[in-house]
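The chain contents come next:
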Amino acid sequence: MSPDLRTFSEKDLSIFPCLWFDGKAREAAEFYCSVLENTVITSENNIVVTFESSGQKFMCLNGGPEFKINPSISFYIICKSEDEIDRLWEAFIKGGSVLMPLGKYDWSNKYGWVCDRYGVNWQLSYGGIEDISQKISPVLMFTGNQCGKAEQAFNFYISVFRNSKVKSIARYLKGENDVEGTIKHAQFYLGNKIFMSMDSSYQHQFSFNEAVSFVVECDTQEEIDYYWERLTEGGEEVQCGWLKDKFGVSWQVVPAILGKLMSDPSRAERVTAAFLKMKKFDIEKLLNA
């Protein structure tokens, strides 16, 4: 029997994106600290570097060459001025590429979609979503055989995570440039964080993969058991706390204490050896390693 979500503590959920790099985690984190306002590195070890930008935590992982970041998960930044959006665009475009040119669109006075030199995708907007106080929001784009499933997906995530709800939904209308009734843009809360999603029926040559995942930090084994069981429904168990949900989105369900254990030179090697044998994390075995 799965744990009852209602028995968990009412502390804020800790869900944040993990970006997969081929040996450039520290370099990328330093770049984002130099470009984004209110951004600092908060922790690091040989495997991961974490930074926080305007209240949004990111993990940069030295994962190797196996996976490459693509536009299926991007990050929407609400800019407070034209100067800010122009500055960010110029920084991200150096060594990067344009997905949507910077200009005026129906939904924004000034907007552009850019892939930076590390492959991370950013949607920059000045004006148009003034009612969101959150500076940076992850955006999930459902393409290929997942197109049309954005609404099913965010309703599923809302059912999994406590204190979660839909904020707004905009659908494609008849005559617009995608499938009528599918999600043009949706915003939803997971805990106190806003996520966004959209459907796209265009013939994109990418889909969700492990290069951008979402980390769920858990205080107890009960929480790990719950999130692992719910998120793997119709999905796939992977390794070392990683899983894929039924929509192909990757998650890491990890104990909050893991970072502390990995930062202890006297324990890190034993802890790593222990979790390499695991799919779902076992906190007791990690503490005893």
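Structure's up top.
The sections below set out a description of the structure shown in this document.

Rules of the game
Residues numbered from 1 in each chain as written. Predicted model: local features only at pLDDT ≥ 70, side-chain atom pairs only at ≥ 80, totals over all residues. Heavy atoms only, no water. Phe/Tyr/Trp six-rings, centres within 6.5 Å; stacked < 30°, edge-to-face > 60°. Buried < 20%, exposed > 50% of the residue type's maximum accessible area, 1.4 Å probe, protein only. Lys NZ or Arg CZ within 6 Å of the ring centre and 35° of its normal. Salt bridge = Lys/Arg side-chain N within 4 Å of Asp/Glu carboxyl O. Helix = DSSP H or I, 4+ residues; strand = E, 2+ residues; numbered from the N terminus. Contact = heavy atoms within 4.5 Å. Core = buried A, V, L, I, M, F, W, Y, C linked by side-chain atoms within 4.5 Å. Pairing = 2+ DSSP bridges. Axes fitted to C-alpha atoms, helices over the stretch in contact; angles between N-to-C directions. Polar contact = N/O pair within 3.5 Å; in protein donor to acceptor, adjacent residues only side chain to side chain. Parallel < 35°, antiparallel > 145°, perpendicular 65-115°, else oblique. Left-handed = near helix turned anticlockwise from the far one by under 90°. Disulfide = S-S within 2.5 Å.

### Side note on the packing of aromatic side chains
Okay, so step 1: Tallying each qualifying case throughout the model produces 32 aromatic pairs.
Okay, so step 2: Where F275 meets F281, the ring centres are 5.7 Å apart and the plane angle is 80 degrees; that geometry is what we call edge-to-face.
Okay, so step 3: Look at F281 and you get buried, because its relative accessible area is 2%.
Okay, so step 4: When the ring centre of F156 is taken as reference, the NZ or CZ atom of K246 above it lies at 4.3 Å.

### Notes on the pattern of salt bridges
Okay, so step 1: By the definition in use, this model includes 14 salt bridges.
Okay, so step 2: Measuring nitrogen to oxygen at the nearest pair gives 3.6 Å for the salt bridge that ties K57 to E217. On the criterion of sequence distance, the pair formed by K57 in strand 4 (residues 56–62) and E217 in strand 13 (residues 212–218) is long-range, its members being 160 residues apart.
Okay, so step 3: The class for K57 is partly exposed, based on a relative accessible area of 23%.
Okay, so step 4: One salt bridge connects K184 with E176, and the closest N-O pair in it is separated by 2.9 Å.
Okay, so step 5: Note on K184: relative accessible area 32%, which makes it partly exposed.
Okay, so step 6: Residue classification places E176 among the partly exposed positions, given a relative accessible area of 31%.
Okay, so step 7: Among the charged side chains, a network of salt bridges with common partners joins E37, K80, E84, R87 and K135.

### Some thoughts on helix 3 (residues 150–160)
Okay, so step 1: By the burial criterion, the buried members of helix 3 are A150, A153, F154, F156, Y157, I158 and V160.
Okay, so step 2: As for helix 3, its buried residues are in contact with strand 9 (136–142), strand 10 (165–171), strand 11 (183–190), strand 12 (193–199), helix 4 (221–231) and strand 16 (250–255).

### Considering the nonpolar core
Okay, so step 1: One finds Y32, F92, W122 and W251 to be the most contacted residues of the largest nonpolar core, which totals 83 residues.
Okay, so step 2: Top contributing element to this core by residue count: helix 3, with seven residues.
Okay, so step 3: Discounting chain neighbours no more than four positions away, the residues touching W251 are I15, Y157, F161, L190, S213, F214, V216, L231, G241, W242, L243 and D245.
Okay, so step 4: Formed by 12 residues, the second largest nonpolar core is a distinct cluster that contains I78, I129, I132 and M141.

### Re the pairing of strand 8 (residues 121–126)
Okay, so step 1: With five of its six residues buried, strand 8 lies for the most part within the structure.
Okay, so step 2: Pairing geometry for strand 5 (residues 73–78) and strand 8, over four bridges, is parallel. When the bridges of strand 8 are listed, I78 appears paired with S125.
Okay, so step 3: Pairing geometry for strand 7 (residues 108–115) and strand 8, over six bridges, is antiparallel. Looking at strand 8, one finds that W113 is bridged to Q123.
Okay, so step 4: Between strand 7 and strand 8, which follow one another and run antiparallel, lie five residues, and G119 among them has a positive phi close to 90 degrees.

### With respect to the sheet that holds strand 13
Okay, so step 1: Taken together, eight strands build an open sheet; the order of strands is 2-3-4-1-13-16-15-14 and the sheet is mixed. Each edge of the open sheet is held by one strand with a lone partner, namely strand 2 (39–44) and strand 14 (236–237).
Okay, so step 2: One ladder, built from four bridges, connects strand 1 (residues 15–21) with strand 4; its direction is parallel. If you follow C18 over to strand 4, its bridge partner there is M59.
Okay, so step 3: Seen against the sheet, helix 1 (residues 25–35) touches strand 1, strand 2, strand 3 (48–53) and strand 4 and runs at an angle of roughly 155 degrees to strand 2.

### Some words on the side chain of S200
Okay, so step 1: Position of S200 relative to the elements: it lies in the loop between strand 12 and strand 13.
Okay, so step 2: Among the residues examined, S200 registers a relative accessible area of 6% and is labelled buried.
Okay, so step 3: Side-chain polar atoms of S200 contact the side chain of H204, separated by 2.7 Å.
Okay, so step 4: When near neighbours in sequence (up to four residues on either side) are disregarded, S200 contacts M141, F142, T143, G144, C147 and D178.

### Quick look at the packing of helix 1 against helix 2 (residues 82–93)
Okay, so step 1: Two numbers describe how helix 1 lies on helix 2: the axes approach to 11 Å, and their chain directions differ by 155 degrees. The angle between the axes of helix 1 and helix 2 places the two elements in the roughly antiparallel class. Relative to helix 2, the crossing made by helix 1 is right-handed. Contact with helix 1, carried on its side by F31, Y32 and V35, involves R87, L88, A91 and F92 of helix 2 and no other residues of that element.

### Comments concerning the state of the cysteines
Okay, so step 1: Applying the stated criterion across every chain yields a total of zero disulfides.
Okay, so step 2: Of all cysteine sulfurs in the structure, the one in C60 sits closest to C18, which takes part in no disulfide; the separation is 7.8 Å.
Okay, so step 3: Judged by relative accessible area, C18 falls into the buried class, the value being 1%.
Okay, so step 4: Left without a disulfide partner, C218 is nearest to the cysteine sulfur of C18, which lies 15 Å away.

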